[in-house]
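Below, each chain spelled out in residue letters.
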Amino acid sequence: MNITVIGTGYVGLVSGACLADMGNQVLCLDVDAAKVRSLEAGKIPIYEPGLEPIVRRNRESGRLRFSTDIAAGVAHGVLQLIAVGTPPGEDGSADLKHVLDAARSIGRHMDDYRVVVNKSTVPVGTADKVKEEIQKELKKRDKQIPFSVVSNPEFLKEGAAVEDFMRPDRIIVGSGEERASALLRELYAPFQRNHDRLMLMSVRSAELAKYAANAMLATRISFMNELANLAEALDADIEEVRRGIGADPRIGTHFLYPGAGFGGSCFPKDVTALQRIGAEAGQPLRVMAAVAQANEAQKHVLGDKIKARFGKDLKGRRFAVWGLAFKPNTDDMREAPSLTLIADLLAAGAQVCAYDPVARPELAGVEMASSAAQSLKDCDALAIVTEWAEFRSPDFSALKQTLKTAAIFDGRNLYDPAMVRALGFEYFPIGRKQ
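Below or above, wherever it landed, is the structure these notes cover. Worth saying up front: this structure is predicted, and the values here are computed from it rather than measured.

**Focus: the pairing of strand β7 (residues 171-174)**
And step 1. Burial of the side chains of β7 extends over both faces: Ile171 and Val173 are buried on one face and Ile172 and Gly174 on the other.
And step 2. Inspection of the sheet shows β7 paired to strand β8 (residues 198-201) by four bridges, in the parallel sense. Directly across from Ile172, in β8, lies its bridge partner Met199.
And step 3. Note on the crossover from β7 through helix α8 (residues 178-188) to β8: the handedness is right-handed.

**A look at the packing of helix α9 (residues 203-233) against helix α10 (residues 238-246)**
Packed helix pairs are specified by the crossing angle of their axes together with the interaxial distance, meaning the distance between the axes.
And step 1. One way to put it is that α9 packs onto α10 with a least axis distance of 9 Å and a crossing angle of 130°. Between α9 and α10, the angle is such that the two are oblique. Here α9 and α10 pass one another in a crossing that is right-handed. Across the interface between the two elements, Met224, Leu227, Ala228 and Ala231 from α9 touch Ile238, Val241, Arg242 and Ile245 from α10.
And step 2. Looking at the contact of α9 with α10 residue by residue, the class counts come to seven nonpolar, no polar and one charged.

**Things to note about unusual backbone geometry**
And step 1. Even without a glycine there, the phi angle at Asp142 is positive, about 55°.
And step 2. Classification of Asp142 as exposed rests on a relative accessible area of 70%.
And step 3. One non-glycine residue, Asp378, adopts positive backbone phi at about 65°.
And step 4. The class for Asp378 is partly exposed, based on a relative accessible area of 44%.

**Re the packing of helix α1 (residues 10-21) against helix α3 (residues 51-61)**
And step 1. At a minimum axis distance of 9 Å, the contact between α1 and α3 shows a crossing angle of 55°. Between α1 and α3, the angle is such that the two are oblique. Handedness of the crossing formed by α1 with α3: left-handed. Listed contacts from α3 to Leu13, Val14, Ala17, Cys18, Ala20 and Asp21 of α1 are Leu51, Ile54, Val55, Arg57 and Asn58.

Cut-offs applied
Residues numbered from 1 in each chain as written. Predicted model: local features only at pLDDT ≥ 70, side-chain atom pairs only at ≥ 80, totals over all residues. Heavy atoms only, no water. Buried < 20%, exposed > 50% of the residue type's maximum accessible area, 1.4 Å probe, protein only. Helix = DSSP H or I, 4+ residues; strand = E, 2+ residues; numbered from the N terminus. Pairing = 2+ DSSP bridges. Right-handed = clockwise from strand over helix to strand, strands pointing away. Axes fitted to C-alpha atoms, helices over the stretch in contact; angles between N-to-C directions. Parallel < 35°, antiparallel > 145°, perpendicular 65-115°, else oblique. Left-handed = near helix turned anticlockwise from the far one by under 90°. Contact = heavy atoms within 4.5 Å. Nonpolar A, V, L, I, M, F, W, Y, C, P; charged D, E, K, R; others polar.

Nothing here speaks to function; it is geometry throughout.
Written as structure tokens, this is what we have:
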């Protein structure tokens, strides 16, 4: 099948590469000429495990191509997948500028039936707006060409996106037209040979399902973070509580791990956007407001613990920070809790030396180390923000010898408190019994 993917960001590149890997002829379209040249040269702009070899082999086979030629892109695929960014506007709503620009481009150039597939995370009703923009462009051309607009939201986890695309737990398609639905079923058939995971629903339900999924997961995280803080105040242990409630099959064990708050390109943005959607519909989402508020407060917990131990004035102090990306197996720094911790430490007068296995941001006032061990030099204590695998079993003896104070502030509860304290460390986790 010929497929055009509009946008070569995270969703577009992963989707295009994985679809090409199933034998489709995929043309990835982007207005950023520099990015297209980089992709054509084999350079991947994001870190995602397993993505680079898929892009490389499909480029070499000719099944995956990159272009800035809009007319060629619209002519190529009967399926036009819109996978552009929807950054938050000043009021928190999703900015549809790039989505609607893509729709207009399709309307200007299409000469035959097209299925326009919204893969971007968009507010309910966006498909109607996309359809309207395409119709306007066709009217300008005095053309009457049939087309369909469907919603096919992505559910890809950063750090596991290739696996999620290749082995989806569900494929949601919002469509009211049988012709379009049949093409989407054909597209996804190779990804669900053992079990039909495609869920067909109305377009508006599909648009809302994406926001609902991320909002539910964010809610669980914020709830557990608040519960962890309460457990700490009551001298209870959140790990014991987590196991107790996770054993209930109605609750389950996923997303019950407390920490330093959530970040990334999805949860914070989608929680805020969903609040805006609710407000515009006259249905305020009070729970979402609480989730966002709790998450912002949680990002300061690790810094508060450090100041409680070393004092509010941290001048002359130096701290190592392990983990900068908002989660492991990605280099994504958007809304990362590490940024809040570092800002809190710098504001209190401290020096910061940070290390992340993949993320290498340029942060004002922060020294970047080339290894976890190097980051500890001359530091008063260690703060862990991202649970990269290499942090799970460090050389505690060397760590203790290097730090001026044998203190670990663990924002991801990586270690057993009794074991670490028995080694002579002061250990400050989230919600664990002291």
